[in-house]
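Each chain, letter by letter, is given below.
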Amino acid sequence: MTELSTKLRLLFLGTAVIIALASPRLRAQQPTILPLSLGDAGRLAAQQSALAQGGRLRADEAQARVRQRRADLLPTVSSYV
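Analysis parameters
Residues numbered from 1 in each chain as written. Predicted model: local features only at pLDDT ≥ 70, side-chain atom pairs only at ≥ 80, totals over all residues. Heavy atoms only, no water. Helix = DSSP H or I, 4+ residues; strand = E, 2+ residues; numbered from the N terminus. Buried < 20%, exposed > 50% of the residue type's maximum accessible area, 1.4 Å probe, protein only. Areas by Shrake-Rupley, 256 points an atom, 1.4 Å probe, with all protein chains shown as cover. Patch = residues over 30% accessible without salt bridge, like charges linked within 9 Å, V, L, I, M, F, W, Y side chains within 5 Å. Salt bridge = Lys/Arg side-chain N within 4 Å of Asp/Glu carboxyl O. Axes fitted to C-alpha atoms, helices over the stretch in contact; angles between N-to-C directions. Parallel < 35°, antiparallel > 145°, perpendicular 65-115°, else oblique. Contact = heavy atoms within 4.5 Å. Nonpolar A, V, L, I, M, F, W, Y, C, P; charged D, E, K, R; others polar.

A.B. asks: So what exactly am I meant to see when it comes to the overall build of the chain here?
C.D. replies: Across its full length, the chain carries three helices and zero strands. A buried classification covers 1% of the 81 residues belonging to the chain. For the chain, the exposed surface amounts to about 8100 Å²; the carbon and sulfur share of it is 65%.

Rendered as structure tokens:
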């Protein structure tokens, strides 16, 4: 055998060993499937829909505007040195 074919065989063997050792870890990363009832699916869809997310965003923006307006009513303190 030539030196090149020996190196290729060792490279192939090393790659095969790495794949064999990594395969149990790869299987462990597969997601587990949980049962989902029709009611749970409906609630999940309502929470993750674009309309629901947009509504929550608009409500958060409105709350921020309320906080800003309330801050305008508070006294302002300044000092000159």
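A.B. asks: In this structure, what is going on with a nonpolar patch on the surface? I would like to understand it.
C.D. replies: Residues Leu-10, Leu-13, Val-17 and Leu-21 make up a contiguous nonpolar surface patch of roughly 410 Å² in combined accessible area. Relative to the helices and strands, Leu-13 is located in helix α1 (residues 3–28). The exposed category is assigned to Leu-13, whose relative accessible area is 52%.

A.B. asks: What am I meant to see in the pattern of salt bridges here?
C.D. replies: Side chains carrying opposite charge are able to pair once their charged atoms draw close together. Scanning the model with the defined rule gives two salt bridges in all. Across the salt bridge formed by Asp-72 and Arg-69, the nearest N and O atoms sit 3.9 Å from each other. A residue pair is termed a helical-turn pair when its members lie 3 or 4 positions apart in one helix, as Asp-72 and Arg-69 do in helix α3 (residues 50–73) at three residues. Across this residue pair, the class does not change: Asp-72 and Arg-69 are exposed.

A.B. asks: Mind showing me how you'd approach the packing of helix α2 (residues 38–48) against α3 here?
C.D. replies: When two helices pack together, their arrangement is given by the angle between the helix axes and by the axis-to-axis distance. At a minimum axis separation of 5 Å, α2 and α3 run at an interaxial angle of 50°. Taken together, the axes of α2 and α3 lie oblique to each other. Between α2 and α3, the residues in contact are Ala-46, Gln-47 and Gln-48 and Ala-50, Ala-52, Gln-53 and Arg-56, respectively. Of the residues that constitute the contact of α2 with α3, the class distribution is three nonpolar, three polar and one charged.

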